[in-house]
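# Results of the structural survey
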Amino acid sequence: MDVVTQMQRQLIQYTSSLFQEGFLDDQFNQLQQLQDESNPEFVVEVVTLFFEDAERLLNELSKSLQVEQESIDFRKVDAQVHQLKGSSSSIGAQRVQRVCIAFRNFCEQQNVEGCLKSLQEIKQEYSLVKTKLETLFKMEKQLFAARGSISR
Amino acid sequence: MAATADLFIQRLPEVSARELHVLAVDDSHVDRKVIERLLKISSCKVTVVDSGTRALQYLGLDGGEKNSSIDFDSMKVNLIMTDYSMPGMTGFELLKKIKESSIFREIPVVVMSSENILTRIDSCLEEGAEEFLLKPVKLSDVKRVTDFIMRGEGMKGGKRSQKRRRSDDCIPSLTTELSPLSPSTLASKKSKL
């Protein structure tokens with residue numbers, strides 16, 4: 001098996017695993033379908049915006065929850081989680097989205113412990129999906145380069 | 001007078017061989033990028049803004065004054081697609097302002113939301129929204145909406161009744177977040193419609 005075919009297989013397997021493990025859902029497929037030669041970096045660009053958004057929101061959430069428990073502004077926290085839920089849903093980051101849903105329930109209940117736990121969980125899930133997506137993009141780039149060098 | 005009125009009406013959302021000009025409004029970076037791409041793929045000219053206030057500014061409605069020298073570019077907006085939940089002015093408030101405007105009320109407005117709340121959908125439709133799309137918005141949704149408008153068929157007729165049936169399927173507000181339905185199940189629910 002030549003190198004390119006091997007890389008293609010690995011990429012397909014890796015992508016599959018991300019779906020199987022629930023890191024990504026169909027929305028990610030939808031985004032990939034919007035990419036073409038005229039917009040070859042579309043998915044990377046959208047996901048990069050997601051990373052920026054998520055990091056900003058996670059910072060804000062940490063700050064919102066770092067105050068005295070009695071002074072936690074649950075509406076503000078909920079609004080921030082809602083934003084994160086929205087952008088994770090828009091790129092198909094399913095596990096992040098799911099923790100956001102649980103988080104919002106805790107906000108509604110004004111459950112401080114639940115909120116703090118959810119924040120930790122989201123940070124973990126975000127970190128995981130970020131690493132996985134970065135790996136995916138790297139593999140795509142390498143495959144592209146390998147194909148390119150062969151056609152020369 | 002009558003002649004002017006005719007000219008006026010001709011300038012409104014009818015599209016001939018030209019492309020639709022869509023004004024998209026969303027406070028989310030990610031969603032702005034996605035909706036812009038969806039619309040471009042659907043052969044539309046796209047203007048994207050990040051708030052209801054900016055949308056009104058673009059349309060020339062912000063001062064509340066009706067200029068006689070109307071900005072030509074914004075006059076040619078054929079469709080407005082707005083997110084519902086935005087800080088400051090919500091999509092619903094934007095919808096109301098547009099429908100209150102004698103100049104812009106004929107422009108179809110589509111509301112997008114990640115939350116499948118029956119009362120929300122109903123109030124948007126009642127306020128004059130053409131369509132309520134569940135996020136994440138798909139290419140098929142955008143194509144359907146833009147096709148409809150391109151054909152110049154008033155969406156108010158058939159589409160509305162279709163929406164009524166769709167909203168019957170919606171999960172009532174209180175249980176939305178607690179629903180055991182996964183996002184992908186919701187998505188396939190949406191696409192069935």
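Rules of the game
Residues numbered from 1 in each chain as written. Chains lettered and ligands numbered in written order. Predicted model: local features only at pLDDT ≥ 70, side-chain atom pairs only at ≥ 80, totals over all residues. Heavy atoms only, no water. Helix = DSSP H or I, 4+ residues; strand = E, 2+ residues; numbered from the N terminus. Contact = heavy atoms within 4.5 Å. Expected span 1.5 Å × (residues − 1). Buried < 20%, exposed > 50% of the residue type's maximum accessible area, 1.4 Å probe, protein only. Buried area = accessible area lost by both parts, 1.4 Å probe. Salt bridge = Lys/Arg side-chain N within 4 Å of Asp/Glu carboxyl O. Polar contact = N/O pair within 3.5 Å; in protein donor to acceptor, adjacent residues only side chain to side chain. pLDDT = per-residue confidence, 0-100. Pairing = 2+ DSSP bridges. Axes fitted to C-alpha atoms, helices over the stretch in contact; angles between N-to-C directions. UniProt positions renumbered as here; feature names shortened; annotations may be inferred. Right-handed = clockwise from strand over helix to strand, strands pointing away.

- Within an unreviewed UniProt entry, the label attached to chain B reads Two-component response regulator ARR5, and the organism entered is Arachis duranensis.

- If you check an unreviewed UniProt entry, chain A appears there as Histidine-containing phosphotransfer protein from Arachis duranensis.

### A short note on the overall build of chain B
- Counting secondary structure elements, chain B contains nine helices and five strands.
- The N-to-C order of helical and strand elements in chain B reads α-β-α-β-α-α-β-α-β-α-β-α-α-α.
- Counted over contacts in chain B with a minimum sequence separation of 6, partners at least 24 positions apart contribute 68%.

### Thoughts on helix H4 (residues 74–91) of chain A
All names here are of chain A.
- For H4, with 18 residues, the first-to-last C-alpha span of 26 Å sits near the 26 Å given by 1.5 Å per residue.
- Within H4, 14 of the 18 residues are buried, which leaves the element mostly enclosed by the surrounding structure.
- Downstream of H4 by one or two residues, glycine 92 has phi in the positive range, about 85°.

### Quick word on the interface of chain A and chain B
- The interface of chain A with chain B comprises 28 residues on the first partner and 20 residues on the second.
- On the chain A side of the interface with chain B, the three residues burying the most area are Leu34, Leu49 and His82 of chain A, jointly 24% of the side's total.
- The partner of aspartate 36 of chain A in a salt bridge is arginine 37 of chain B, with the nearest N and O atoms 3.2 Å apart.
- Across the chain A-chain B interface, the total number found is five residue pairs in polar contact (both at pLDDT 80 or more).

### So, the confidence of the model for chain B
All names here are of chain B.
- Overall, the predicted model of chain B reaches an average pLDDT of 77, with 63% of residues at or above 70.
- Predicted confidence is poor over residues 154–193, with pLDDT under 50, and the contacts of this stretch with residues over four places away or in other chains come to 66 contacts.
- Complex prediction metrics read pTM 0.81 and ipTM 0.93.

### What to know about the sheet that holds strand S3 (residues 79–83) of chain B
All names here are of chain B.
- Taken together, five strands build an open sheet; the order of strands is S2-S1-S3-S4-S5 and the sheet is parallel. Either end of the sheet is taken by a strand with one partner, and the two such strands are strand S2 (45–49) and strand S5 (131–134). With direction set aside, neighbouring strand axes in the sheet form an average angle of 20°.
- Note that strand S1 (residues 21–25) and S2 share five bridges and pair parallel. Residue pairing in the sheet places valine 25 in a bridge with valine 49 of S2.
- Seen against the sheet, helix H6 (residues 118–126) touches strand S4 (109–113) and S5 and runs at an angle of roughly 150° to S5.

### A few points about the UniProt feature "modified residue: Phosphohistidine" (unreviewed entry) in chain A
- Per the UniProt entry, the sites bearing "modified residue: Phosphohistidine" (unreviewed entry) are His82 of chain A in this numbering.
- Its place among the elements puts histidine 82 of chain A in helix H4.
- With residues up to four places along the chain from it excluded, the contact list for histidine 82 of chain A reads Arg104 of chain A together with Ser85, Ser114 and Glu115 of chain B.

### So, the pairing of S1 of chain B
Residues and elements named next belong to chain B.
- With five of five residues buried, S1 lies mostly within the body of the structure.
- Side chains of S1 alternate between two faces, with His21, Leu23 and Val25 and Val22 and Ala24 buried alike.
- Handedness of the β-α-β unit built from S1, helix H2 (residues 29–41) and S2 comes out right-handed.
- Taken together, the four bridges between S1 and S3 define a ladder with parallel strand orientation.

### Details of the UniProt feature "domain: HPt" (unreviewed entry) in chain A
- Under the UniProt annotation, the feature "domain: HPt" (unreviewed entry) is placed at residues 39–146 of chain A.
- Regarding residues 39–146 of chain A, the helix share stands at 86% and the strand share at 0%, and the terminal C-alpha atoms are separated by 20 Å.

### Topic: the UniProt feature "modified residue: 4-aspartylphosphate" (unreviewed entry) in chain B
All names here are of chain B.
- When the UniProt feature table is mapped to this numbering, "modified residue: 4-aspartylphosphate" (unreviewed entry) covers Asp83.
- By secondary structure assignment, the location of aspartate 83 is in strand S3.
- Residue classification places aspartate 83 among the buried positions, given a relative accessible area of 6%.
- Leave out the neighbours within four places in its chain, and aspartate 83 touches Val25, Asp26, Asp27, Gly91, Met112, Ser113 and Lys135.

### Structural notes on unusual backbone geometry
- The omega angle of the peptide bond from lysine 135 of chain B to proline 136 of chain B is 0°, so this bond is cis rather than trans.
- Mapped onto the secondary structure, proline 136 of chain B falls in the loop between S5 and helix H7 (139–150).
- Although it is not a glycine, glutamine 110 of chain A sits at a positive phi angle of roughly 55°.
- The phi torsion at serine 43 of chain B lies on the positive side, around 60°, for a residue other than glycine.
- Summarising the element assignment, serine 43 of chain B is placed in the loop between H2 and S2.

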